[in-house]
Amino acid sequence: MTKKQNTALRIGVVGCGNISMAYMRNAALFRGVEITACADLDMAAAHRRAAEFGLRAADVDSLLADKAIDLVLNLTIPAAHFDISMQALSAGKHVFTEKPLGVTAAEGRKLVEAAAAKGLSIGSAPDTFLGAAGRHARRQMEAGAIGKPVTGTAFMMGRGMEHWHPDPSFYYQPGAGPVMDMGPYYLTMMVNLLGPVRRVQAVATSGQDERLITADGPKKGTSFKVGTPTSVLSILEFHCGTSITFGASWDVFRHSNHPIELHGTEGSLRLPDPDNFGGVVAVSNRGAPWQETDTAGHLFGAINWPVAAPDRANYRMLGLADLARSITEARPPRASGELALHVLEIMEAILRAGETGVAQTIAGKVAQPKELREDEAASLLA
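Residues numbered from 1 in each chain as written. Predicted model: local features only at pLDDT ≥ 70, side-chain atom pairs only at ≥ 80, totals over all residues. Heavy atoms only, no water.

### Regarding the overall build of the protein chain
Secondary structure summary: the protein chain contains 10 helices and 17 strands in total. Computed over the C-alpha atoms, the radius of gyration of the protein chain is 20 Å, within 12% of the 21 Å expected from 2.2 N^0.38 for a compact globule of 382 residues. When its C-alpha atoms are laid out on the principal axes, the protein chain stretches across 55 × 50 × 45 Å. Look at the contacts in the protein chain between residues 6 or more apart in sequence, and 70% of them connect residues 24 or more apart. Summed over its atoms, the accessible surface of the protein chain is roughly 15,900 Å², and 53% of this surface lies on carbon and sulfur atoms. (Helix = DSSP H or I, 4+ residues; strand = E, 2+ residues; numbered from the N terminus. Rg over C-alpha atoms; globule rule 2.2 N^0.38 Å. Contact = heavy atoms within 4.5 Å. Areas by Shrake-Rupley, 256 points an atom, 1.4 Å probe, with all protein chains shown as cover.)

What follows is the structure in C-alpha cells.
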C-alpha cells in the first residue's frame, strides 16, 4: 500500500479476482486515491490480495459498513454490480464499478438516480478512452483532422472464451455475450469521440447452440448451451449525424477489420483496440497515406501489462483518479455513471433490435465527456 496525501479518497475493493490486481497495482501511480481494504465472498481470496498489496482484509458486509471507507471499488461479477453498488451508495459511499454499470438499463438508472439523490459520485469502467490513444484521437477530432464525421466502422470479433477460460458458460448467457461483455469499450470510445447515440438497428444470431470447452480445467471436453446472441451487427445513428456500423462476434476465427475507423469530409481516423489504453492512432487526410502515431511514448500509453511479460498498456484506476479529482473540483467525472448508463442503454437497444427486427430509439442522452487535456492527465499522477 502506498500512502497518499491526507485528502486521498480511502477506497475499499469488493471483489478480489484477477482484475483486482491491475487496480491495486496501478493505485500507486495516482494521487488522491488510496486503497486501504479489500473484501470478497471468498475470504481466502481477500486475504491473498490483502497480503500481496498490504491491505486490510474484511468480509463484504463489514467493508460496506466501514466508516473509514469513502469509496467502494466494485469488481464483482456483472450480476452483482447493482446490489453491491446500491448497498455502497446506501451506506453513503461513492462508487466506481467495473463494467457494465448493471445488467439492465433499469438497474443502471436506479444507481445513477440514487447517487444523485444522496449527493454522491458514481463512476464506471471502462476508462480506457482516457488513455493515450483515446486522448490523441480526441485531439485529432477536436482539431478537425477528418472534418465532419460522416460514417465509420467498429468491430470486436473473436472466437469466444471456451478455448482459454476453464468455466466460460456465464459469458454466453443473458446479460453477457459479446455486446454486453466487450461492447462497453467500443461504445464508450465512440461516445467520447462523437457524442451520444440517437437510434440503433441490428440483426443478431448465434453461430452454435452449444459450445465445447477446450481450455484446461475440470470442465474440459464438456459442452454448455448458449443463451444469448454471439454475433450481432448494428447501425448506430449518433445525434451529431454520424452513422457507424458496429459488429460484435464470438464466431470469428480470423479477420482483418480494424477495431474502429471514422471517416469524415476531410479524412479518416483509425484507432487501436479500445480495450487497451495505448496503441497506434492513424490519420489519412483526403486519401493520403496513413500517418501513424504510436502512443507508447505518451502518458498512459506505455506498455506495462501483464507484469511478467508486458504487451499492452493497462492503466485501470485512471478513471477513478479522475473521479476523485472531480469531487474536489465539483464537476462530473469523465468515466461517469451517466456515460455508463447511456452505453448500457445502447447495448440493451442493440440486443432488443436484434431480437425484434425493429429499430430502437435511445431514450436517454448524455453529454460528451470533457476532453482530458495532457496537463490534466499529468496532474493525476502521484
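### Let's talk about the pattern of salt bridges
Enumeration over the complete set of coordinates arrives at 26 salt bridges. Between Glu162 and Arg211 there is a salt bridge, with the nearest N and O atoms lying 2.9 Å from each other. One end of the pair, Glu162, is in the loop between strand 7 (149–157) and helix 7 (177–194); the other, Arg211, is in strand 9 (residues 210–212), and 49 residues separate them in sequence. With relative accessibility at 8%, the residue Glu162 sits in the buried group. For Arg286, the salt bridge goes to Glu266, with nearest N and O atoms at 3.0 Å. With a gap of 20 residues between them, Arg286 in the loop between strand 15 (280–285) and strand 16 (291–294) and Glu266 in the loop between strand 13 (260–264) and strand 14 (267–271) connect regions that are remote in the sequence. Residue Arg286 is classed as exposed on the basis of its relative accessible area of 62%. Among the residues examined, Glu266 registers a relative accessible area of 29% and is labelled partly exposed. Each of Asp322, Glu329, Arg331, Arg334, Arg373, Asp375 and Glu376 takes part in salt bridges that share partners, so that together they form one network. (Salt bridge = Lys/Arg side-chain N within 4 Å of Asp/Glu carboxyl O. Buried < 20%, exposed > 50% of the residue type's maximum accessible area, 1.4 Å probe, protein only.)

### Overview of helix 9 (residues 337–356)
Its 20 residues place the ends of helix 9 28 Å apart at the C-alpha level, agreeing with the 28 Å of an ideal helix rising 1.5 Å per residue. For helix 9, the tally of buried residues reaches 14 of 20 residues, placing the bulk of the element in the interior. At the C-terminal side of helix 9, Gly357 shows a positive phi close to 75 degrees. (Expected span 1.5 Å × (residues − 1).)

### Comments concerning the side chain of Thr76
Take Thr76: it is sitting in the loop between strand 4 (71–74) and helix 4 (78–90). At a separation of 2.7 Å, a polar atom in the side chain of Thr76 contacts the side chain of Asn74. Those residues in contact with Thr76 that sit more than four places away from it in its chain are Val14, Gly15, His81 and Ile84. (Polar contact = N/O pair within 3.5 Å; in protein donor to acceptor, adjacent residues only side chain to side chain.)

### Concerning the sheet that holds strand 2 (residues 33–39)
On the basis of which strands lie adjacent, the open sheet formed by 6 strands has the order 3-2-1-4-5-6 and parallel pairing. What marks the edges here is a single partner per strand, and that holds for strand 3 (56–58) and strand 6 (122–124). Geometrically, the sheet is characterised by an average inter-axis angle of 25 degrees between neighbouring strands, direction not taken into account. One ladder, built from 4 bridges, connects strand 4 with strand 5 (residues 94–97); its direction is parallel. Bridge pairing in strand 5 places Leu73 opposite Phe96. Its contacts with the sheet place helix 1 (residues 18–26) against strand 1 (9–14), strand 2, strand 4 and strand 5, and it is angled at close to 145 degrees to strand 2. (Pairing = 2+ DSSP bridges. Axes fitted to C-alpha atoms, helices over the stretch in contact; angles between N-to-C directions.)

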